[in-house]
Amino acid sequence: MPSLKRLFYAVLTLVAAIASGWVLSATGLPLGWLIGAMLLVLTASLFQLPVVQPKLLMPYVKAAVGTMLGAAIPPDIAELAVAWWPSLSVMFGLLIVVGAINYNLLQHLFGFPKIDALLCSMPGGISEMILIGEHAGADQRRVAIVHSLRIALSILLIPLLAGLAFGVTVESTANAASYHMTIPDWGWFLACVVVGVAADRWLRIPAALILVPMVASAALHLTQISAFHVPSEVSIAIQVTVGINVGARFLGVSLSMLAGFAMSALAVIAIQISTAIFAAIVMAKQGGWDGLALTLAFAPGGLAEMSLIAVTMGREVALVACHHILRVLFALFTAPALVSLLSKRSQ
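Residues numbered from 1 in each chain as written. Predicted model: local features only at pLDDT ≥ 70, side-chain atom pairs only at ≥ 80, totals over all residues. Heavy atoms only, no water.

### Some details on the overall build of the protein chain
Here is step 1 of the chain: Along the backbone of the protein chain there are 15 helices and zero strands.
Here is step 2 of the chain: Seen through its C-alpha atoms, the protein chain measures out along the principal axes to roughly 60 × 55 × 45 Å.
Here is step 3 of the chain: For the protein chain, the residues scored as buried account for 50% of the 347 residues in total.
Here is step 4 of the chain: In the protein chain, once contacts between residues fewer than 6 apart in sequence are set aside, the share between residues at least 24 apart is 76%. (Helix = DSSP H or I, 4+ residues; strand = E, 2+ residues; numbered from the N terminus. Buried < 20%, exposed > 50% of the residue type's maximum accessible area, 1.4 Å probe, protein only. Contact = heavy atoms within 4.5 Å.)

In structure tokens:
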């Protein structure tokens, strides 16, 4: 696609996503800006319309999410992290048990090859699972579709189902507060973003795009060097861009291809989401736990997406981010070893 034509389609994608996000946000739907953009671009992708995925922007957007997370880290984070051992134990237990259930389900009920079943049942991240699948000879399109549906449906369903499960009205706080940032504030914010992108490019740190700017931003806030909080307009822009990116993951996926993988993907996602909500309900009944925050922490969505939802909904951001970072690290370190084990057994 010629550059000018691609630029035109990129602008058209952005304008349409903003309009769709504004419409859903006006209805009071949780994460309206993100979900509106995602649904419009997802639909356009499936009908082969010329939408453009913001691949060049996404590293900076994810780093901005990490920076926002760091700004929300409380001063007593070390004490809180120690107190989270029960929920972290539950999360790792869910990852192992649910992963084993989905692996066997995909292999025996839906006929997936062993490597495909393993990678599709892992809890993330999507790019890494596709890359591992490429080297292991898995069906990359199948892995991509299952994980794309996992993230898209988690964004769409988790806030609504969690609200119903805990009897609360879930509303986005994106427009609730309007912060003013000074020029030095913007400088610190952009510095955190740049550090995150640089770390992802040059250092071999898992989840560097989120983790590094989060640590840098938290250090600035905890040492009181800066106390910036991004304006609601920036949060909305990030939501729209993330929504476009998730929806555009379905570019090149035909409706027939999606239908072919839909039942298997839905089975995997239904088990992941239902067990996450059930575990959150059980822990919330024990007292002292925010059930909605736990649901976001246990949810099978992406690190950036679930963390962003926690920020916009005003939940305990540090808890959600900590759980998802460890979830991603678990997947990144476990998947290659399991793939290697399965490959040796099949020889």
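### A closer look at the nonpolar core
Here is step 1 of the chain: Membership of the largest hydrophobic core comes to 97 residues, with the highest contact counts inside it found for Leu119, Met129, Ile155, Phe189, Ile238, Val242 and Phe298.
Here is step 2 of the chain: Broken down by element, this core gets its largest block of residues, 13 residues, from helix 15 (residues 317–346).
Here is step 3 of the chain: Excluding its chain neighbours within four sequence positions, the residues that come into contact with Ile155 are Leu34, Ile35, Met38, Val246, Glu305, Met306 and Ile309.
Here is step 4 of the chain: With ten residues, the next largest nonpolar core counts Trp33, Ala37, Val51 and Ile244 among its residues. (Core = buried A, V, L, I, M, F, W, Y, C linked by side-chain atoms within 4.5 Å.)

### So, the layout of surface pockets
Here is step 1 of the chain: There is about 1200 Å³ of room inside the largest pocket.
Here is step 2 of the chain: Around the largest pocket, the lining comprises 47 residues; the ones closest to its centre are Lys62, Ile126, Ser127, Glu128 and Arg249.
Here is step 3 of the chain: Mapped by element, the contributors of at least two residues to the lining of the largest pocket are helix 3 (58–71), helix 7 (126–136), helix 8 (140–165), helix 9 (183–202), helix 10 (208–222), helix 11 (232–248), helix 14 (303–313) and helix 15.
Here is step 4 of the chain: Take the lining of the largest pocket: its biggest share by element is seven residues, from helix 8.
Here is step 5 of the chain: In terms of residue class, the lining of the largest pocket is made up of 27 nonpolar, eight polar and twelve charged. (1 Å grid on protein atoms, 1.4 Å probe; cavity = no way out; pocket = protein on both sides within 12 Å on 5 of 7 lines; lining within 4 Å. Points joined across faces, edges and corners; volume = space filled by probe spheres on them. Nonpolar A, V, L, I, M, F, W, Y, C, P; charged D, E, K, R; others polar.)

### Looking at the packing of helix 8 against helix 14
Here is step 1 of the chain: Running from N to C, helix 8 and helix 14 cross one another at 25°; their axes reach a closest spacing of 10 Å. With respect to helix 14, the element helix 8 is oriented roughly parallel. As for how helix 8 packs across helix 14, the hand of that crossing is right-handed. Residue-level inspection shows Ile151, Ser154, Ile155 and Pro159 of helix 8 in contact with helix 14, the latter providing Glu305, Met306, Ile309 and Met313.
Here is step 2 of the chain: Of the residues belonging to the contact of helix 8 with helix 14, the class tally is six nonpolar, one polar and one charged. (Axes fitted to C-alpha atoms, helices over the stretch in contact; angles between N-to-C directions. Parallel < 35°, antiparallel > 145°, perpendicular 65-115°, else oblique. Left-handed = near helix turned anticlockwise from the far one by under 90°.)

### Description of the packing of aromatic side chains
Here is step 1 of the chain: Going through the model one piece at a time under the given rule, you end up with four aromatic pairs.
Here is step 2 of the chain: Aromatic pair Phe92 and Phe330: ring centres 5.9 Å apart, planes at 55°, arrangement tilted. Of this pair, Phe92 sits in helix 5 (residues 85–108) while Phe330 sits in helix 15, placing them 238 residues apart in sequence.
Here is step 3 of the chain: An angle of 85° between the planes, with centres 6.0 Å apart, marks the rings of Phe189 and Phe228 as edge-to-face. Of the two residues, Phe189 is situated in helix 9 and Phe228 in the loop between helix 10 and helix 11; the sequence distance between them amounts to 39 residues.
Here is step 4 of the chain: Residue Phe189 is classed as buried on the basis of its relative accessible area of 6%.
Here is step 5 of the chain: Accessibility expressed as a relative area gives 2% for Phe228, which makes it buried.
Here is step 6 of the chain: Each residue in the set Trp186, Phe189 and Phe228 is aromatic and connected to the rest through ring pairs, giving one cluster.
Here is step 7 of the chain: Above the face of the Phe112 ring, Arg142 is positioned so that its terminal group lies 4.2 Å from the ring centre. (Phe/Tyr/Trp six-rings, centres within 6.5 Å; stacked < 30°, edge-to-face > 60°. Lys NZ or Arg CZ within 6 Å of the ring centre and 35° of its normal.)

### Section: empty space enclosed by the protein
Here is step 1 of the chain: All chains considered together, the criterion is met by one cavity of 30 Å³ or more.
Here is step 2 of the chain: Space inside the largest cavity adds up to approximately 180 Å³.
Here is step 3 of the chain: Considering the residues around the largest cavity, the lining is formed by 17 residues, among which Leu94, Leu95, Pro123, Gln272 and Phe298 are closest to the centre.
Here is step 4 of the chain: Secondary-structure elements contributing two or more residues to the lining of the largest cavity are helix 5, helix 12 (255–285) and helix 13 (291–298).
Here is step 5 of the chain: If one sorts the elements of the lining of the largest cavity by residue count, helix 5 sits on top with six residues.
Here is step 6 of the chain: Classifying every residue of the lining of the largest cavity by side-chain character gives eleven nonpolar, five polar and one charged.

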